Amino acid sequence: QVQLVESGGGLVQAGGSLRLACAASGRTFSNYMMGWFRQAPGKERDFVAGMVGTRGVTDYADPVKGRFTISRDNAKTTVYLQMYSLKPEDTAVYYCAASDVGRWGGWDSAYRWTSYDYWGQGTQVTVSS
């Protein structure tokens, strides 16, 4: 079993920034596809950003393009979501997710939360007006 540990959530004012982190002890993410999802109260769990393969190819949901960046440290043990210019509508619980690269079926599959086998516990991001 792969256990993902998330950190970095908090309360910020609109226009501020946060960096979320997702770590897996004793493993690297080079052979996985990684995703960040978010879920607001009463809403569906939506794709935010993804990274796949040893070269770390990335993609983003339209509402966060140009504001959020997914990245990986040099040791490939931690994946980050850097969030700039935060808006109140970004308020949600943010989840880190992972699957073996064998689950990769193009970005159309990576956008679906059902494509991922492992999940973090979630971290709350609240953006005030």
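Described in the following lines is the structure provided in the data block. Everything numeric in this text was worked out from a predicted model, so none of it was measured.

**Description of the state of the cysteines**
Next, step 1: In the structure shown here, the tally under the stated rule is one disulfide.
Next, step 2: There is a disulfide in this structure between C22 and C96, and the S-S distance comes to 2.0 Å. Here C22 and C96 share a disulfide; its torsion about the S-S bond, -75°, makes the bridge left-handed. Of the two residues, C22 sits in strand β3 (residues 18–23) while C96 sits in strand β9 (residues 92–100), which places them 74 residues apart along the sequence. Neither C22 nor C96 differs from the other in exposure class; each is buried.

**Observations concerning the sheet that holds strand β8 (residues 78–83)**
Consider a sheet: its strands pair through backbone hydrogen bonds, and that pairing is either parallel or antiparallel.
Next, step 1: Pairing in this open sheet of four strands is antiparallel, and the strands run β1-β3-β8-β7 from one edge to the other. With one partner strand each, in any of the chains shown, β1 (5–7) and β7 (68–72) form the two edges of the open sheet. Ignoring strand direction, the axes of neighbouring strands in this sheet form an average angle of 15°.

**Concerning the packing of aromatic side chains**
Two descriptors summarise a pair of aromatic rings, namely the distance from one centre to the other and the angle between the planes of the rings.
Next, step 1: Applying the stated rule across the entire model yields eight aromatic pairs.
Next, step 2: With a centroid separation of 4.8 Å and 90° between ring planes, the pair formed by W104 and W107 is classed as edge-to-face.
Next, step 3: When its relative accessible area of 30% is taken as the criterion, W104 is described as partly exposed.
Next, step 4: One aromatic cluster is present, built from ring pairs that chain together F37, F47, Y95, W104, W107, Y111, Y116 and W119.
Next, step 5: Taking the ring centre of W119 as reference, the NZ or CZ of R45 above it sits at 4.7 Å.

**Some points on the environment of A110**
Next, step 1: Inspection of the secondary structure assignment puts A110 in helix α1 (residues 107–110).
Next, step 2: Accessibility expressed as a relative area gives 1% for A110, which makes it buried.
Next, step 3: Sequence separation between A110 and E44 is 66 residues, and the spatial gap between their C-alpha atoms is 16 Å.
Next, step 4: Those residues in contact with A110 that sit more than four places away from it in its chain are F37, F47, W104 and Y116.

**A few points about the pairing of strand β4 (residues 32–39)**
Next, step 1: With respect to burial, β4 is a largely interior element, seven of its eight residues being buried.
Next, step 2: Sheet analysis places β4 next to β9, joined by eight bridges and oriented antiparallel. Paired with M33 across the bridge in β9 is S99.
Next, step 3: If you look at the hairpin formed by β4 and strand β5 (residues 46–52), you'll find six residues sitting between the two strands, and G42 has a positive phi there, around 75°.

**A look at the pattern of salt bridges**
When the charged atoms of two side chains lie near each other, side chains of opposite charge can form a pair.
Next, step 1: Per the counting criterion, the structure on display carries four salt bridges.
Next, step 2: Residue K65 is joined to D62 by a salt bridge in which the shortest nitrogen-to-oxygen separation is 3.1 Å.
Next, step 3: Using a relative accessible area of 47% as the deciding quantity, one classes K65 as partly exposed.
Next, step 4: The salt bridge involving D90 is made with R67; its shortest N-O contact spans 2.8 Å. Taken together, the residues D90 in the loop between β8 and β9 and R67 in the loop between β6 (57–60) and β7 connect sequence positions 23 residues apart. With respect to class, D90 is no different from R67; both count as buried.
Next, step 5: Among the charged side chains, a salt-bridge network with shared partners connects R38, R67 and D90.

Conventions used here
- Residues numbered from 1 in each chain as written.
- Predicted model: local features only at pLDDT ≥ 70, side-chain atom pairs only at ≥ 80, totals over all residues.
- Heavy atoms only, no water.
- Disulfide = S-S within 2.5 Å.
- Helix = DSSP H or I, 4+ residues; strand = E, 2+ residues; numbered from the N terminus.
- Buried < 20%, exposed > 50% of the residue type's maximum accessible area, 1.4 Å probe, protein only.
- Pairing = 2+ DSSP bridges.
- Axes fitted to C-alpha atoms, helices over the stretch in contact; angles between N-to-C directions.
- Phe/Tyr/Trp six-rings, centres within 6.5 Å; stacked < 30°, edge-to-face > 60°.
- Lys NZ or Arg CZ within 6 Å of the ring centre and 35° of its normal.
- Contact = heavy atoms within 4.5 Å.
- Salt bridge = Lys/Arg side-chain N within 4 Å of Asp/Glu carboxyl O.

What is shown is where atoms sit, not what they do.
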